[in-house]
Structure formats: C-alpha cells, structure tokens
Amino acid sequence: MNTTARAWFITGTDTEIGKTHVACALLHAARRAGLTAFAMKPVAAGADEIDGQRLNEDTARLIAAGSEPLEPAEVTPYCLRSAIAPHIVAHDEGVTFDFARIAHRLDALRARADVVLVEGAGGLLVPLDEARDFADLARHLDLPVILVVGMRLGCINHALLTCEAIATRGLHFAGWVANRVEPYMARFDENLATLEARIRAPLLGVVPHGDPAEPVALRLPD
Ligand SMILES: Nc1ncnc2c1ncn2[C@@H]1O[C@H](COP(=O)(O)OP(=O)(O)OP(=O)(O)O)[C@@H](O)[C@H]1O
Ligand SMILES: C[C@H](N)[C@H](N)CCCCCC(=O)O
Ligand SMILES: [Mg+2]
C-alpha cells in the first residue's frame, strides 16, 4: 500500500449499464495484482432500511468487492431513499451535497489503499442540484474519468456524447471499458470497432456478461 492511492471517477453511458459491475471487476483485478483497492459511491439513490440503517445495493456490492469490509457510511456519505434522479430525491429529503465532505471521505480511503474508484450515478451530466452535476463532482475531486460503455443498441451515440462532455468539462479521460451488459448484442465486433475508432482514450478491456469476480482482460489506466 502507498499513501497516495491512485483514484478514478467511474461514469457510464447511462444508468443500469454496468458501472458498478465494472467497478467490481476492476477492484477484483487490482486485488489479484496484490493492490489494496476500495470503491466509493458517494451519492446513492435507492435504499433498503436494515435495522434503521439505509443500505444501497451498489454500496453493498462495492464493499463486497473491496479489499476489506468498509462501513456503508464510509463508502456512501449520501444515501437517499428513492431510486430516482438524485437531485429530485435530495430536494425531497432536504439534503445538500457537500463536495468537501465527499473529498474528505475519499482522502480517508486513499490513505488506506493503493487504488480507489468513485462511482457516479447514472451518466456524467446527471444533476446533483440546480447548479451542479457529477462532472462538477469529478472536477472537484480532481479525478480522471473512466467511461463504462454499456454495449447495447444506442450506446455509440451515448458514448460519443459523453466523450464530448468529458472534454468540454475539462476532465482528464483516462480510459474506457466496453461492458457486455447485453450478452447477445447484434454485430458486437463492428460496434466495438466503431467505438475504438472514435474514442480518443485507451480501451481498458472488454468485460463479458458474467460474474465480475471472474478474471477478465481488464486493466487500470496507466
Ligand atoms: N457484464 C455484465 N454481466 C452480467 N451482468 C451485468 C453486466 N453488466 C451489468 N450487469 C447487470 O446489469 C445490471 C445493471 O448494472 P449496474 O448495476 O452495474 O449498472 P450501473 O451503471 O452501475 O447503474 P446505476 O446508474 O444505477 O449505478 C445489474 O443487475 C448488473 O448485475
Ligand atoms: C436510481 C438509479 N439507479 C441511479 N442511481 C440514478 C439514475 C439517475 C438518472 C437521471 C437521468 O439521467 O435521467
Ligand atoms: Mg451502479
């Protein structure tokens, strides 16, 4: 372990396209390489109530894939009740997202790890309030971005729009992952080649449909 863990922000082409799945696969890959690896999901929308404590499913999956068991509050400082757009639930619950608080939590994990991944919610421009979105959070945390492309019909447009947003918002684009969220996508190879020809960042791997704990050809950015 070193004291300046490398960290990345994980965004995706949409909600439900495999950001958490790929984050778990990356955590497993890092751990297999002998690294201490954790993930955060700083803003989660949708929670079960267990013994009076809220628990989000992504939070639980990320904890299970990390090097050591973390407390849900360490991973997810803002756990909102309803599984809808975070700025809407936050408004309902009277919650304001304090970026400095999230940065503090990230620093605490970085001090214990070699690698920390920070998963957004939905896509890059999902709002957090009237003025800020997840791209602003990635900027505030000074994190390079990994884009997860959920390989299904429509993903080319969503991926290329996200690439433009990464650039115009001044973020560093560290790499992208093709995630086979749909196991039988028609013309997969041509779709992948189209993305490879147009995305100006390294392809970090193609994650097959399956268990994120299974070894796959997937790497962290250089
Ligand atoms: N490569 C894959 N193989 C098998 N199942 C997958 C794969 N990728 C995603 N899934 C499944 O698809 C669903 C959506 O994936 P996931 O929860 O990772 O999406 P997400 O992008 O993190 O969504 P959110 O915006 O809610 O955080 C989950 O049930 C997940 O297990
Ligand atoms: C609740 C869900 N699973 C995600 N965490 C939040 C997705 C917000 C999407 C907002 C939008 O782009 O319309
Ligand atoms: Mg997720």
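Bear in mind the structure is a predicted one, so any value in this text is a computation, not a measurement.

### Topic: the pattern of salt bridges
- For the coordinates displayed, the defined rule picks out 14 salt bridges.
- Arginine 112 is paired through a salt bridge with glutamate 74; the nearest N and O atoms lie 3.0 Å apart. Placement of arginine 112 in the loop between helix 5 (99-110) and strand 7 (115-119) and of glutamate 74 in helix 3 (residues 72-75) is noted, with a sequence separation of 38 residues between them.
- The exposure class assigned to arginine 112 is partly exposed, which follows from its relative accessible area of 30%.

### A few points about the coordination of the magnesium ion (ligand 3)
- All of the protein donors around the magnesium ion (ligand 3) are Thr20 (OG1), Asp58 (OD) and Glu119 (OE); their distances to the metal are 2.0 to 2.2 Å.
- The motif formed by the donor residues of the magnesium ion (ligand 3), counted along the single chain, is T-x37-D-x60-E. In this pair, threonine 20 is assigned in helix 1 (residues 19-32) and glutamate 119 in strand 7, connecting sequence segments 99 residues apart.
- The exposure class assigned to glutamate 119 is buried, which follows from its relative accessible area of 2%.

### Regarding the state of the cysteines
- For the structure shown, the criterion picks out 0 disulfides.
- For the unlinked cysteine cysteine 79, the closest cysteine sulfur is that of cysteine 24, found at 16 Å.
- Relative accessible area serves as the criterion here: at 17%, cysteine 79 is assigned to the buried category.
- Free cysteine: cysteine 163, not disulfide-bonded; nearest cysteine sulfur from cysteine 155 at 11 Å.

### Structural notes on the site of ligand 1
- Ligand 1 sits among 18 residues. The nearest are Thr15, Lys19, Thr20, Asn179 and Gly210.
- A distance of 2.8 Å is found between an oxygen atom of ligand 1 and a side-chain nitrogen or oxygen belonging to threonine 15.
- One of the backbone N or O atoms of glutamate 16 is found 3.0 Å from an oxygen atom in ligand 1.
- Here ligand 1, which alone exposes 630 Å², has 80% of that area covered by the protein.
- Breaking the shell around ligand 1 down by element, the ones donating at least two residues are helix 1 and helix 2 (57-65).
- Per-element accounting of the shell around ligand 1 gives the leading share, 3 residues, to helix 1.
- A breakdown of the residues in the shell around ligand 1 according to their chemical character gives 3 nonpolar, 8 polar and 7 charged.

About the cut-offs
- Residues numbered from 1 in each chain as written.
- Chains lettered and ligands numbered in written order.
- Predicted model: local features only at pLDDT ≥ 70, side-chain atom pairs only at ≥ 80, totals over all residues.
- Heavy atoms only, no water.
- Salt bridge = Lys/Arg side-chain N within 4 Å of Asp/Glu carboxyl O.
- Helix = DSSP H or I, 4+ residues; strand = E, 2+ residues; numbered from the N terminus.
- Buried < 20%, exposed > 50% of the residue type's maximum accessible area, 1.4 Å probe, protein only.
- Donors = N, O, S within 2.8 Å, 3.2 Å for Na, K, Ca; no water.
- Disulfide = S-S within 2.5 Å.
- Near = heavy atom within 4 Å.
- Polar contact = N/O pair within 3.5 Å; in protein donor to acceptor, adjacent residues only side chain to side chain.
- Areas by Shrake-Rupley, 256 points an atom, 1.4 Å probe, with all protein chains shown as cover.
- Nonpolar A, V, L, I, M, F, W, Y, C, P; charged D, E, K, R; others polar.

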